[in-house]
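Architecture at a glance
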Amino acid sequence: MIIISGRLVVDPDDRDAYLQGCAGVVEQARAASGCLDFVLGADLVDAGRINVYERWESEDALEAFRGSGPDEEQTVAIRDAEVLRYHVSGVGPA
């Protein structure tokens, strides 16, 4: 299993519009083969932060979807980002 997790930083005044512009990508990801979860969400404390969380069955499933990332306009809006890939070897109840 692969987990993608991190944060994007955009202008606080543009965050809601940025997230609305991502709705189609979220829908596509959730419908993609091998996608277990895909979330982009507004942070409750930092007005410019967007939290990223993705969970994929495999590296192959993730890579098959990867071309569906932010478009150029969305990429330009990102002021900072830290998004990392985690390879999970075991899973159990929390």
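Structure's up top.
Here the structure is a predicted model, which is why all the values come from computation and not from measurement.

So, about the overall build of the protein. Looking only at helices and strands, the protein has four helices and four strands in total. The globule rule puts the C-alpha radius of gyration for 94 residues at 12 Å, and the 14 Å found for the protein is close to it. Projecting the C-alpha coordinates of the protein onto the three principal axes gives extents of approximately 40 × 30 × 20 Å. Scored against the burial criterion, the 94 residues of the protein give a buried share of 30%. If you take every contact in the protein between residues at least 6 apart in sequence, the share linking residues at least 24 apart comes to 68%. If you sum the accessible surface of the protein, you get close to 6,000 Å²; carbon and sulfur atoms cover 49% of it.

Right, let's get into the environment of Leu36. The residue Leu36 is located in strand S2 (residues 35-42) in this model. Residue classification places Leu36 among the partly exposed residues on the basis of a relative accessible area of 34%. Taking the C-alpha atoms as reference, Leu36 lies 10 Å from Ala61; in sequence the two are 25 residues apart. Residues within four places of Leu36 in sequence aside, it is in contact with Met1, Arg55, Trp56 and Glu57.

With that settled, the discussion passes to the environment of Gln28. Tracing the backbone through its elements, the reader meets Gln28 in helix H2 (residues 23-31). What makes Gln28 partly exposed here is its relative accessible area of 46%. Separated by 26 residues in the primary sequence, Gln28 and Glu54 place their C-alpha atoms 13 Å from one another.

Position of Glu54 among the secondary structure elements: in strand S3 (residues 49-56). With a relative accessible area of 5%, Glu54 lands in the buried category. A distance of 2.9 Å separates polar atoms of two side chains, one belonging to Glu54 and the other to Trp56.

Further remarks concern the state of the cysteines. The bond known as a disulfide is covalent and runs between the sulfur atoms of two cysteines. Tallied over the full model, the rule gives zero disulfides. Unpaired in terms of disulfides, Cys22 finds its nearest cysteine sulfur in Cys35, a separation of 14 Å. Judged by relative accessible area, which is 5%, Cys22 ranks as buried. Here Cys35 falls in the buried class, since its relative accessible area comes to 13%.

Within H2, burial applies to Val25, Val26 and Ala29. Relative to the axis of H2, the buried residues are bounded by an arc of 100° and lie together on one face. In H2, the exposed positions angled more than 90 degrees off the buried face are occupied by Glu27 and Ala31. Against S2, S3 and helix H3 (59-65) lie the buried residues of H2.

What counts, and where the lines are drawn
- Residues numbered from 1 in each chain as written.
- Predicted model: local features only at pLDDT ≥ 70, side-chain atom pairs only at ≥ 80, totals over all residues.
- Heavy atoms only, no water.
- Helix = DSSP H or I, 4+ residues; strand = E, 2+ residues; numbered from the N terminus.
- Rg over C-alpha atoms; globule rule 2.2 N^0.38 Å.
- Buried < 20%, exposed > 50% of the residue type's maximum accessible area, 1.4 Å probe, protein only.
- Contact = heavy atoms within 4.5 Å.
- Areas by Shrake-Rupley, 256 points an atom, 1.4 Å probe, with all protein chains shown as cover.
- Polar contact = N/O pair within 3.5 Å; in protein donor to acceptor, adjacent residues only side chain to side chain.
- Disulfide = S-S within 2.5 Å.
- Arc of directions from axis to C-beta.

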